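Single-letter residue listing:
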Amino acid sequence: MKISPLRRAVYAGSFDPPTNGHLWMIRQAQAMFDELVVAIGVNPEKRSTYSVAERRVMLEAITAEFENVRITVFENRFLVHYAESIGAGYIVRGIRTAADYEYERSMRYINGDLQPQISTVFLMPPREFAEVSSTMVKGLVGPDGWRDIVHRYLPPAVYEKILSDHKGSSY
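Residues numbered from 1 in each chain as written. Predicted model: local features only at pLDDT ≥ 70, side-chain atom pairs only at ≥ 80, totals over all residues. Heavy atoms only, no water.

**A few points about the sheet that holds strand 1 (residues 8–13)**
Step number 1: Pairing is parallel across the open sheet formed by five strands, whose spatial order is 3-2-1-4-5. Of all the strands in the sheet, just strand 3 (69–75) and strand 5 (119–123) have a single pairing partner and so form its edges. Sheet twist, expressed as the average angle between the axes of neighbouring strands with direction ignored, equals 30°.
Step number 2: Of the strands in this sheet, strand 1, strand 2 (35–42), strand 3, strand 4 (90–94) and strand 5 touch helix 1 (residues 20–32), which is tilted by about 130° from strand 5. (Pairing = 2+ DSSP bridges. Helix = DSSP H or I, 4+ residues; strand = E, 2+ residues; numbered from the N terminus. Axes fitted to C-alpha atoms, helices over the stretch in contact; angles between N-to-C directions. Contact = heavy atoms within 4.5 Å.)

Have a look at this one:
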């Protein structure tokens, strides 16, 4: 597929679950591009807590205010090939740590070898989101007081989903 004349970008991740850090990235990226495709990447090697359908519903809820954002799913493809298949000229990636930078820098060069016409745009979230990850949030769920801690890292719709999933549990 040819690159669209629209400035279309892809922001991909597992979003298991979507966090305030993801929402910050989406908010920033949608302001930079005509269209932002938030793509749930399915990795068969990775066991997810939430189904693709659940993650999609959560993402649709937290991005409803953005007219230029759409949610998609892709699997068994390199992100750069997926971006090319939908006519995206940009891939948006977040850099939280030095380790993220090293990994993303390497991926940017590989992607450039595969699809040189697709640019990678790096965004660095503010400090309050730098340590937030889906894995970290899931690890906080359970011990006494988890609800008071977890809510600060999640958009309200995602927090409500996690609460409803743990309703009636001994947590």
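**Details of the packing of aromatic side chains**
Step number 1: One pass over the full model with this rule turns up three aromatic pairs.
Step number 2: With centroids separated by 5.5 Å and ring planes inclined at 75°, the aromatic side chains of Tyr11 and Phe15 adopt a geometry described as edge-to-face. Each of the two residues, Tyr11 as well as Phe15, counts as buried.
Step number 3: Where Phe33 meets Tyr90, the ring centres are 4.9 Å apart and the plane angle is 45°; that geometry is what we call tilted. Linking Phe33 in the loop between helix 1 and strand 2 with Tyr90 in strand 4, this pair joins segments that are 57 residues apart in sequence. (Phe/Tyr/Trp six-rings, centres within 6.5 Å; stacked < 30°, edge-to-face > 60°. Buried < 20%, exposed > 50% of the residue type's maximum accessible area, 1.4 Å probe, protein only.)

**Observations concerning the pattern of salt bridges**
Step number 1: Evaluation of the coordinates by the stated rule reveals ten salt bridges.
Step number 2: Arg93 serves as the salt-bridge partner of Glu104, at 2.9 Å between the closest nitrogen and oxygen. Of this pair, Glu104 sits in helix 4 (residues 98–114) while Arg93 sits in strand 4, and the two are eleven residues apart along the sequence.
Step number 3: Note on Glu104: relative accessible area 8%, which makes it buried.
Step number 4: Residue Glu102 is joined to Arg105 by a salt bridge in which the shortest nitrogen-to-oxygen separation is 2.7 Å. (Salt bridge = Lys/Arg side-chain N within 4 Å of Asp/Glu carboxyl O.)

**Comments concerning the side chain of Thr63**
Step number 1: For Thr63, the location among the structural elements is in helix 2 (residues 52–63).
Step number 2: At 2.7 Å, the side chain of Thr63 and the backbone oxygen of Leu59 are in polar contact.
Step number 3: Residues within four places of Thr63 in sequence aside, it is in contact with Ile26, Val69 and Ile71. (Polar contact = N/O pair within 3.5 Å; in protein donor to acceptor, adjacent residues only side chain to side chain.)

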